[in-house]
Amino acid sequence: MIELFEVTKRFGAETAVDGISLRVERGELCALVGTSGCGKSTTLRMINRLIEHDGGEIHLDGRPVREFDEQALRRRIGYAIQSTGLFPHWTVARNIGLVPRLLKWPATRVRERVEELMALLGLPLEQFADKYPHQLSGGQAQRVGVARALAADPDILLMDEPFGALDPITRESLQAELRDLQARLNKTIVFVTHDMDEALALADRLVVMRAGRIVQQGTPLSLLRDPADDFVASLLGGEDRGLKEAAITPVSERMQPLSPRLLPQARVHQSASLRQALSVMFREQADRLAVVDDEDMAVGELSLRRLVEGRRGE
């Protein structure tokens, strides 16, 4: 879907991005991470030509981005940023419908799309359609920003620290919503964040950057288990990497079949993470948990030994 071939960007004498090559598959959520100034946001903005690359090539579906008309390119790529970029004197509904109107969709189709997205993102039409950005909370404004990025149903969504200014509870809620949206819509997403827990929770693939170069890329679990060097290990949490791995590993991967023994009273949902299961064990002072499904029926069990051993139950 998106390919970068030896892409370079310089600002004067400074090289911000230094010959990176990257392939983002269709339907993948790829997170660019690294310390401030590593080139991740510059890389993101070169994809939709908000910043032009100086060397190498960037392709969308096998076609160089410079063959696209700039405005046409940006209208087919959703873009969500930390500050939302909403027009302050436009209503929520008008902000969301911006790109479809620019694409000259019929008014009825624009209205239907706005209503669809507001429902999808938990913004009741009668409550929010006529509000202005200054009347929204931070989380509500960010939802509107994401809705606007999705309005023209783009195949690609670029997100630059979209939840960075939000409080932890709202941020976690929007991360969960993005996971659900991605499962339903299957967009190709490039996501820039400085929050490693956010990247680990959301990404299919992590791309670690340092000083304009890609240091390592792969699945979150592969990087946690085998970091390329001390920098990657430190960025991923250092000595806490084991807990971060537990936070993204579901209980279902480690649970065992129900044993003949009495089922433990303490329980955890099969979709919970191993870290959540460990927390329940500490809280309940238990070394075994019943694993339950959506109907609260036991489907297996998890022991502290199995959790720590890291082997799938047979």
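Residues numbered from 1 in each chain as written. Predicted model: local features only at pLDDT ≥ 70, side-chain atom pairs only at ≥ 80, totals over all residues. Heavy atoms only, no water.

The condition is simple: UniProt positions are given in the numbering used here, feature names are shortened, and annotations may be inferred rather than shown by experiment.
Under an unreviewed UniProt entry, the name given to the protein chain is Quaternary amine transport ATP-binding protein, and the organism recorded is Halomonas mongoliensis. Under the Subunit (unreviewed entry) heading, UniProt states for the protein chain: "The complex is probably composed of two ATP-binding proteins, two transmembrane proteins and a solute-binding protein." What the UniProt record of the protein chain gives under Sequence similarities (unreviewed entry) is the line "Belongs to the ABC transporter superfamily."

1. Let's talk about the layout of surface pockets
Rules: The way it works is a 1 Å grid over only the protein atoms, where trapped points that fit a 1.4 Å probe form a cavity and open points with protein on both sides within 12 Å along at least five of seven lines form a pocket, and then any residue with an atom within 4 Å of a point lines it. Grid points are joined across faces, edges and corners, and a volume is the space filled by probe spheres set on the points. Secondary structure elements are defined from DSSP: runs of H or I of at least 4 residues count as helices, runs of E of at least 2 residues count as strands, and each element is numbered from the N terminus. In this count, Pro and Cys sit with the nonpolar residues alongside Ala, Val, Leu, Ile, Met, Phe, Trp and Tyr, while Asp, Glu, Lys and Arg are called charged and the others, Gly among them, polar.
Considering only enclosed or pocket space, the largest pocket measures out at about 960 Å³ in volume. Contributing to the lining of the largest pocket are 29 residues, with Arg179, Asp197, Ala201, Ala247 and Ile248 lying nearest its centre. Of all the secondary structure elements, the ones that give two or more residues to the lining of the largest pocket are α8 (168–185), α9 (196–202), α10 (220–225), α12 (241–247) and α13 (274–284). Each residue belonging to the lining of the largest pocket can be placed in one class, and the counts come to 13 nonpolar, seven polar and nine charged. As a volume, the second largest pocket reaches approximately 450 Å³. What lines the second largest pocket is a set of 20 residues, among which Arg74, Ile77, Tyr79, Leu98 and Val99 lie closest to the centre. Of all elements in the fold, only α2 (70–75), β6 (77–81), α4 (98–102) and α7 (138–150) reach the threshold of two or more residues within the lining of the second largest pocket.

2. Description of the pairing of strand β4 (residues 55–60)
Here is the rule: A pair of strands counts as paired when DSSP detects no fewer than two bridges linking them.
One ladder, built from five bridges, connects strand β1 (residues 2–11) with β4; its direction is antiparallel. Bridge assignment links Phe5 to a residue of β4, and that residue is Glu57.

3. With respect to the environment of Glu239
Short version of the rule: Burial classification: accessible surface area is computed with a 1.4 Å probe over protein chains only, and a residue below 20% of its type maximum counts as buried, one above 50% as exposed, and the rest as partly exposed.
Examined against the element boundaries, Glu239 turns out to sit in the loop between α11 (230–235) and α12. Accessibility expressed as a relative area gives 81% for Glu239, which makes it exposed. Separated by 145 residues in sequence, Glu239 and Arg94 have C-alpha atoms that sit 48 Å apart.

4. Overview of the sheet that holds strand β11 (residues 267–269)
Sheet strands pair by backbone hydrogen bonding; their relative direction is either parallel or antiparallel. The test is simple: Where helices are involved, their axes are fitted lines through C-alpha atoms of the stretch in contact, as for all axes, and angles between N-to-C directions lie from 0 to 180°. What makes two residues a contact is simply this: any of their non-hydrogen atoms within 4.5 Å.
The strand order β11-β12-β13 describes an open sheet built from three strands, whose pairing is mixed. Pairing within the sheet leaves two strands with one partner each, and these edge strands are β11 and β13 (298–303). This sheet shows a mean twist of 35° between the axes of neighbouring strands, independent of strand direction. Along the sheet, α13 makes contact with β11, β12 (288–292) and β13, crossing β13 at roughly 75°.

5. Quick notes on the nonpolar core
Counted only if it meets this: To form a nonpolar core, buried Ala, Val, Leu, Ile, Met, Phe, Trp, Tyr and Cys residues must be joined to one another through side-chain atoms within 4.5 Å.
In this structure, Ile96, Met118, Met159, Leu178, Phe191, Leu206 and Leu236 are the most contacted members of the largest nonpolar core, which totals 47 residues. By residue number, the principal contributor to this core is α7, which donates six residues. Sequence-distant contacts of Leu178, that is, excluding residues within four places in its chain, are made with Leu29, Met159, Phe163, Ile189, Phe191 and Leu202.

6. Observations regarding the state of the cysteines
Threshold: Note that a disulfide, as used here, is simply two cysteine sulfur atoms within 2.5 Å.
Per the stated rule, a full pass over the model turns up zero disulfides. For the unlinked cysteine Cys30, the closest cysteine sulfur is that of Cys38, found at 13 Å. The buried category is assigned to Cys38, whose relative accessible area is 1%.

7. A few points about the sheet that holds β4
Taken in spatial order, the four strands of this open sheet run β2-β1-β4-β5, and their pairing is antiparallel. With one partner strand each, in any of the chains shown, β2 (14–24) and β5 (63–64) form the two edges of the open sheet. Two strands pair when backbone bridges link them, and β1 and β2 are joined in this way by seven bridges, in the antiparallel orientation. Across the sheet, the residue bridging to Phe11 is Glu14, located in β2. Against the sheet, helix α1 (residues 40–47) engages β1, β2 and β4, with an angle of about 120° to β1.

8. Overview of the pattern of salt bridges
As a working rule, side chains carrying opposite charge can pair if their charged atoms are close by. The test is simple: Any carboxyl oxygen of Asp or Glu within 4 Å of a side-chain nitrogen of Lys or Arg constitutes a salt bridge here.
One pass over the full model with this rule turns up 25 salt bridges. Glu67 is the partner of Arg63 in a salt bridge, and the nearest nitrogen-oxygen pair spans 3.4 Å. Overall, the relative accessible area of 36% leaves Arg63 in the partly exposed class. Two residues, Arg143 and Glu177, come together in a salt bridge whose shortest N-O distance is 2.8 Å. Here Arg143, found in helix α7, pairs with Glu177, found in helix α8; they are 34 residues apart in sequence, far enough to count as distant.

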